[in-house]
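# Notes for the structure review
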Amino acid sequence: MKLPVPVFAAALAAPFLAVSASGHHSYAMFDRGRTDTVVGTVKNFELINPHGWLQLMVRDAQGKEREWSLETGGPGQMARAGWQANTVTPGDKLTALIHPMKEGSYGGQLVSVKLANGQTLESH
Amino acid sequence: MRVLILVAALLAPLPAMAQAWQRYAYPEHGFVVQLPAPPTLTKGQFRTAAGATVPATVYTLNEPDIVFSMTVADFTQTSMNRDAALADAVKAYGATGQIKLNVEERVNQEYGRQLTLVGNDGSRSNVSVFFVNNRLYELQGKALPPEPAAGAGKAVRFQQSLSFVPLGTTGPGHGGPPGQAGPL
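Because the structure is a prediction, the values reported are computed rather than measured.

This brings us to the overall build of chain A. Of the regular secondary structure elements, chain A holds two helices and six strands. Secondary structure elements of chain A occur, N-terminal to C-terminal, as α-β-β-β-α-β-β-β. Sorting the 124 residues of chain A into buried and exposed places 31% on the buried side. Expressed as a percentage of contacts within chain A between residues at least 6 apart in sequence, the contacts between residues at least 24 apart total 52%.

Below is the structure:
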């Protein structure tokens, strides 16, 4: 049986495309079946490869500010979702939806943010 | 008086500033991590579960609330296999505290384990262990007691920043020399 060239090429490329689409690592540490809300102040936002980081200062139950590391999509994904490097800047207050770390540590995978002006931006 | 004011201004605490993380690439060992400052490198020995020793390189960065470390143990002159190496590493961490989470994780094309560890010393760590090219990689972001919550977020970022690159390369986009900060 002869496959048409495009089908043959697609079959050859499929494994590589699958790895590329799944990112530089899997998401085993994140609880992707759960979405939590965290409210805080931006410490830093880096729109970098292979994925960006939103460092957010969040008050814990004792009222102490803790630094959370929220992993975002890569620069391409974020740009397509409407993000720019200065979409959020240090000192901005925002509400973030995240898939939290499975063991409850101060981090997670960013799902979306709601900015102080009411705008909502997706991350992935 | 002016001198006193100047001295007081110099001694005053600096306002909280965002610490810039950088990308550090180590082609000799084929990995890249992100850190808020360059780590120091020490050469030594790694003791295996069986009691043998192999050469090891340890990259360490100490901060007041956290210790970032990456140990690369060279098993190239041994017959150690991946599953045994990872099992031994997890068991060794378990002896230092309580493992709260132990999951399989993929980084690039490599599969290893990611752990969360509450240490007997009151610390809290995010750990990754991989066995690649006959080398054992143990990454640990150890948020220190008495307040491990202060460093916990940084431990998460350190752990999730790990990438593997082909030996002898710094990976795509790293413009700086090996072992020095490159663009993120």
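Turning our attention to the interface of chain B and chain A. With 22 residues of chain B at the interface, the matching set in chain A holds 26 residues. Those elements giving two or more residues to the side of chain B that touches chain A turn out to be strand S6 (97-107), strand S7 (110-119) and helix H3 (149-160) of chain B.

On to H3 of chain B. All names here are of chain B. Compared with the 16 Å implied by 1.5 Å per residue over 12 residues, the 18 Å span of H3 between its first and last C-alpha is a close match. With 10 of its 12 residues buried, H3 lies for the most part within the structure. Within H3 the residues assigned to the buried category are Gly151, Ala152, Gly153, Lys154, Ala155, Val156, Arg157, Phe158, Gln159 and Gln160.

All right, on to the confidence of the model for chain A then. Model confidence for chain A is summarised by a mean pLDDT of 85, while 82% of its residues fall at 70 or above. Ignoring residues within four places in sequence, the model shows residues 6-21 of chain A, a span with pLDDT below 50, making one contact including any to other chains.

Residue and element names in this part refer to chain B. Across its 13 residues, helix H2 (residues 82-94) extends 18 Å between first and last C-alpha, which sits within 8% of the 18 Å expected from 1.5 Å per residue. Of all the positions in H2, only Ala85, Ala89 and Tyr93 are classed as buried. Along the long axis of H2, the arc covered by the buried residues comes to 65°, so they all point the same way. Projecting away from the buried face of H2 at angles above 90 degrees are the exposed residues Asp83 and Lys91. Close packing links the buried residues of H2 with S6, S7, strand S8 (124-132) and strand S9 (135-143).

This paragraph deals with the confidence of the model for chain B. Of all residues in chain B, 83% attain a pLDDT of 70 or more, and the chain-wide mean is 87. Two summary scores accompany this predicted model of the complex, namely pTM at 0.84 and ipTM at 0.81.

Okay, the pairing of S6 of chain B next. Each regular strand shows side chains that alternate between the opposite faces of the sheet. Residues and elements named next belong to chain B. Pairing between S6 and S7: 10 bridges, direction antiparallel. Note that in S7 the partner of Glu104 across the bridge is Arg113. Hairpin remark: S6 followed by S7, antiparallel, with two residues in the connecting loop; positive phi at Asn108, about 55°.

What follows is about the sheet that holds strand S4 (residues 53-63) of chain B. Neighbouring strands of a sheet are bound in pairs by backbone hydrogen bonds; such pairs are parallel or else antiparallel. All names here are of chain B. Read across the open sheet, the seven strands follow the order S3-S4-S5-S9-S8-S7-S6; overall the sheet is antiparallel. Each edge of the open sheet carries a strand with a single partner, namely strand S3 (40-47) and S6. Neighbour to neighbour, the strand axes of the sheet diverge by 20° on average, direction disregarded. In terms of strand pairing, S4 meets strand S5 (residues 66-74) through eight bridges, oriented antiparallel.

Turning next to the pairing of strand S2 (residues 31-35) of chain B. All names here are of chain B. With respect to burial, S2 is a largely interior element, five of its five residues being buried. Here S2 shows two buried faces, one formed by Phe31, Val33 and Leu35 and the other by Val32 and Gln34. Where strand S1 (residues 22-26) lies against S2, five bridges are found, and the strand directions are antiparallel. Paired with Gln22 across the strands is Leu35, a residue of S2. Between S1 and S2, which pair antiparallel and follow one another directly, the connecting turn spans four residues, one of which, Gly30, has a positive phi of 70°. Summarising the sheet, S2 and strand S10 (residues 163-164) pair through two bridges and their orientation is antiparallel. From the neighbouring strand, Val32 faces S10, where its bridge partner is Ser163.

Asn49 of chain A connects to Pro50 of chain A through a cis peptide bond whose omega is -5°. Along the chain, Pro50 of chain A falls in the loop between strand S1 (36-46) and strand S2 (53-59). The residue after Pro145 of chain B, namely Pro146 of chain B, is reached through a cis peptide bond having omega 10°. Along the chain, the position of Pro146 of chain B falls in the loop between S9 and H3. Even without being glycine, Asn134 of chain B reaches a positive phi, approximately 60°. Tracing the chain through its elements places Asn134 of chain B in the loop between S8 and S9.

Residue and element names in this part refer to chain A. Within the secondary structure, His124 is located in the segment after strand S6 (120-122). For His124, a count of 17 C-beta atoms within 10 Å puts it in the partly exposed group. Considered as a pair, His124 and Gln109 are 15 residues apart in the sequence and their alpha carbons are 9.1 Å apart.

Parameters and conventions
Each chain has its residues counted from 1, following the order in which its sequence is written. Naming scheme: in the order in which they are written, chains are lettered from A and ligands are numbered from 1. Reporting in this predicted model follows two pLDDT cut-offs: at least 70 for local features of residues, and 80 or more for side-chain atom pairs to be given and counted; totals over whole chains, interfaces and linings ignore these cut-offs and use all residues. Per the convention used, a helix needs a DSSP run of H or I reaching at least four residues, while a strand needs a run of E reaching at least two, with both numbered from the N terminus. Residue burial is a threshold on neighbouring C-beta atoms within 10 Å of the residue's own C-beta, all placed from the backbone, with 20 or more meaning buried, 12 or fewer meaning exposed, and counts in between meaning partly exposed. Contact criterion: two residues are in contact if their C-beta atoms, reconstructed from the backbone, are within 7 Å. A helix's residues, less one, multiplied by 1.5 Å, set its expected span. Note: pLDDT gives the predictor's confidence per residue, expressed from 0 to 100. This arc describes the spread of directions from the helix axis toward the C-beta atoms. When DSSP finds two or more bridges between a pair of strands, those strands are recorded as paired. Lines are fitted to the C-alpha atoms to define the axes, a helix being fitted only along its stretch in contact, and any angle between axes, read from their N-to-C directions, falls within 0 to 180 degrees.

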